[in-house]
Amino acid sequence: MSELDDEDMVWDPEEIGGEMSDHDMDGEDEEENQAIQDGCLQIFSASDFIMEPGVFNMLKTFLQAGGSPEKVVELLSENYKAVAQTVNLLAEWLIQAGVDIKVVQEMVENHLKTMIIKHFDPKKADSIFTDEGETPSWLAEMIEYPTWRGLFYKLAEEYPDCLMLNFTVKLISDAGFQGEITSVSTACHQIEVFSRVLRTTISSLLNGGEELLEKNLPEFTKMVCHGEHTYLYSQVLMQILSQEPKGGSNIRRLCQELQKSANERGLDVTPITLALSGAAAYPRACQALSSMLSRNALNPADITILYKMYTDMNPPPVDLIRVPAFLDLLIDAMFKPVSKVNPEHKAKYIYVLSYAASVTETYKKGQRKSIVKDELKPTTQALEKVQSLCAENKNSSELIADVNVLFLNLKFPVIAYGVLKWVDYTVSDTNYFKLNTDHTPLHLVLIDEIVTNHVLLHQKALDLLVRLFESTFEELDVLVRLELKKTLLDRMVHLFSKGFVLPVVSYICKCWDKQDTDISLIRHFVTEVLDVIAPPFTADFAQLFLPLIENKDITGSIRMDDGSDPVSEFITDAKAAIAV
């Protein structure tokens, strides 16, 4: 590669002396020819210019201007530093010295990437297409390799207005690598590329499960929220797909995740959300919802409007009030200890929340055919009972008398979610465990019951338990603190026993890897898990749990010399599962 970086030294014959083929050399002014020769000679003096792709065009220009061939040969040979050849030679020496060829290749490629990023000039890059008039063959070859595709993605983020990079991103998409482009904002400027990337990403998110969704959602949100036009386009497309009977609910979940992420990024997408839910046909409901969502706060006047509309004989669609942000506001109003809802309006809040949680509708050809309200009254009554108990802010001992009421009503999903939030707010109080003398406080027992009844709340329950487990509890005695953390681990083991296996074990493995958790707690978890499991084991679980089991610091004290203990039995069964 040439080391010539000065902007005034460009290898373009037109800038040096014009188009030589359009002039009669016999009538050319001698001074003009001399100027062309001087410009060419200056360029020929650049290091390794003989390696540049434009060397032949420059030679032709120089010779047509009457330049001396001997002078060209002299300059090109004297300034030949053989940088590229030297790199190849050094690479061959490293390989002969025993360095793996892949390591050498990565070393060279990474250095070259660094130099390209450092010296990249978008104007010169755009001139490539101006000069060649077609896609350069080397570009089509470069995009076949992940290393260089990654380079183009990085450059496209930094220079979004570069035509050459925009074209390259489209070229990469056309070649079938659109799944890699989710983080490139350049894709958002090309509808064809954006549509292809959107389709591929949605498909992979739907097929990849919860873990892949959590991992890739931030990048997906970044791309979709690049501009108002990309967000609207994506949501309209997914709204149409969500009407499909097969997989429509999963698409609707993805729409809601995008809405939530957009709100967290400080974007007001309320008008788009309401427009897509059909709120335009119900202007009063739309205005009430828009007011509350925009301010992120409920108010009795707007709730009263919704209450009246949904108690009417022909209420608006239930989807209108199934906006996650609105439901969260209602749950907080009902179950947050510091929340103060006017008693005169509380029944309206409960009714609107119950309606959103329990009513179903059937549609045919876009027209609503029926409204099923069978669960509305039981849900409303249950919410009233449980909300009253939670609002009294009783301690664990006082709640014992009402435990049957709580357990009975926790079977309603909306109540389980509300109680889980209430438990979170309650136990997060710094004085809660200090004042509570029970070995297993009732609030933690409620988590077990919620986990038993509601699979979809498993992740929420684990998040709460993890947050508590990682709390310092500095106000407690060391031994009390240790016992409390064992109690929390018991809740995790119960969550494990209800099918939430890999996330729970993954968290404990992270605790061990970080070396910030008392080893006796890890041992307690491992012992409890061994009591509730039995073969056959899946390969995923065996591979994840085996390192903890095989670690002698953790399980050395509970092993037997004759191998008849649960630890040795698990090791044998786990290795068999992995081998399969």
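Residues numbered from 1 in each chain as written. Predicted model: local features only at pLDDT ≥ 70, side-chain atom pairs only at ≥ 80, totals over all residues. Heavy atoms only, no water.

A. Layout of the nonpolar core. Among the nonpolar cores identified, the biggest contains 105 residues, and L306, F326, V419, M492, F545 and F570 are the most heavily contacted of them. The leading source of residues in this core is helix α22 (residues 413-427), at nine residues. Core analysis: the second largest hydrophobic core is formed by 23 residues, F194, F220, Y231 and L254 among them. (Core = buried A, V, L, I, M, F, W, Y, C linked by side-chain atoms within 4.5 Å. Buried < 20%, exposed > 50% of the residue type's maximum accessible area, 1.4 Å probe, protein only. Helix = DSSP H or I, 4+ residues; strand = E, 2+ residues; numbered from the N terminus.)

B. View of the pattern of salt bridges. If you walk through the whole model with that rule in mind, you get nine salt bridges. Across the pair E361 and R368 runs a salt bridge whose closest N-O atoms are separated by 2.9 Å. Between K575 and E550 there is a salt bridge, and its shortest N-O distance comes to 3.5 Å. Here the residue K575 occupies a position in helix α31 (residues 566-579), and E550 occupies one in helix α29 (residues 539-550), the gap between them amounting to 25 residues. Here K575 falls in the partly exposed class, since its relative accessible area comes to 46%. For E550, a relative accessible area of 33% translates into the label partly exposed. (Salt bridge = Lys/Arg side-chain N within 4 Å of Asp/Glu carboxyl O.)

C. Quick look at the packing of helix α11 (residues 191-224) against helix α12 (residues 228-241). In contact at an axis separation of 11 Å, α11 and α12 are set at 70° when each is read in the N-to-C sense. With respect to α12, the element α11 is oriented roughly perpendicular. The handedness of the crossing between α11 and α12 comes out as right-handed. Residues I191, F194, S195, L198, I202, M223 and V224 of α11 touch α12, and the partners they reach there are T230, Y231, Y233, S234, L237 and M238. Class assignment of the residues belonging to the contact of α11 with α12 gives a composition of ten nonpolar, three polar and no charged. (Axes fitted to C-alpha atoms, helices over the stretch in contact; angles between N-to-C directions. Parallel < 35°, antiparallel > 145°, perpendicular 65-115°, else oblique. Left-handed = near helix turned anticlockwise from the far one by under 90°. Contact = heavy atoms within 4.5 Å. Nonpolar A, V, L, I, M, F, W, Y, C, P; charged D, E, K, R; others polar.)

D. Molecular detail of the pairing of strand β1 (residues 360-364). Direction of pairing for β1 relative to strand β2 (residues 367-372): antiparallel, over a ladder of five bridges. Directly across from E361, in β2, lies its bridge partner I371. Linking β1 back to β2 in an antiparallel pair, the connection comprises two residues, with K365 at a positive phi of about 55°. (Pairing = 2+ DSSP bridges.)

E. Region of the structure containing the side chain of R491. Mapped onto the fold, R491 is located in helix α26 (residues 478-497). Looking at R491, the relative accessible area reads 11%, which means it is buried. If we ignore the near neighbours within four places in the chain, the residues touching R491 are T440, L444, D448 and L465.

F. How the structure looks around a nonpolar patch on the surface. Nonpolar side chains collect at one region of the surface, where V83, V87, L94, V103, M107 and V108 lie side by side and expose about 420 Å² of accessible area between them. Looking at the nonpolar patch, the elements with two or more residues in it are α5 (83-96) and α6 (101-119). Within the secondary structure, V103 is located in helix α6. For V103, a relative accessible area of 42% puts it in the partly exposed group. (Patch = residues over 30% accessible without salt bridge, like charges linked within 9 Å, V, L, I, M, F, W, Y side chains within 5 Å. Areas by Shrake-Rupley, 256 points an atom, 1.4 Å probe, with all protein chains shown as cover.)

G. Examining the packing of aromatic side chains more closely. Under the counting rule described, the total for this entry stands at 16 aromatic pairs. Seen from their ring centres, F44 and F62 are 5.6 Å apart, and the 85° between their planes marks the pair as edge-to-face. In this pair, F44 is assigned in helix α2 (residues 30-44) and F62 in helix α3 (residues 55-64), connecting sequence segments 18 residues apart. By relative accessible area, which is 0% here, F44 ends up buried. For the pair F433 and F473, a centre-to-centre distance of 5.4 Å together with 85° between the ring planes defines the contact as edge-to-face. (Phe/Tyr/Trp six-rings, centres within 6.5 Å; stacked < 30°, edge-to-face > 60°.)

H. Summary view of the confidence of the model for the chain. Per-residue pLDDT for the chain has a mean of 84; in total, 92% of the residues score no lower than 70. Segment residues 1-11: pLDDT under 50, and 21 contacts once partners within four positions in sequence are set aside and those in other chains are kept. Scored below 50 in pLDDT, residues 13-18 shows 13 contacts in the model against residues more than four places distant or in partner chains. (pLDDT = per-residue confidence, 0-100.)

I. Seen up close, α3. Taken as a whole, α3 has its buried residues at V55, M58, T61 and F62. Down the axis of α3, the smallest arc covering the buried residues is 125°, so these residues share one side. Facing away from the buried side of α3, by more than 90 degrees, are the exposed residues F56, N57 and K60. Within two residues after α3, G66 carries a phi angle of roughly 90°, on the positive side. (Arc of directions from axis to C-beta.)

J. Representation of the environment of S396 within the structure. Along the chain, S396 falls in helix α20 (residues 396-399). With relative accessibility at 1%, the residue S396 sits in the buried group. Along the chain, S396 and I36 lie 360 residues apart, while their C-alpha atoms are 93 Å from each other. For S396, the residues in contact, after removing those within four places along its chain, are Y432, N436, D438, P441, L442 and H443.

K. Region of the structure containing the side chain of H524. Within the secondary structure, H524 sits in helix α28 (residues 519-532). A distance of 2.8 Å separates the side chain of H524 from the side chain of D490, its partner in a polar contact. Other than its neighbours up to four places away in sequence, H524 contacts K486, L489 and D490. (Polar contact = N/O pair within 3.5 Å; in protein donor to acceptor, adjacent residues only side chain to side chain.)

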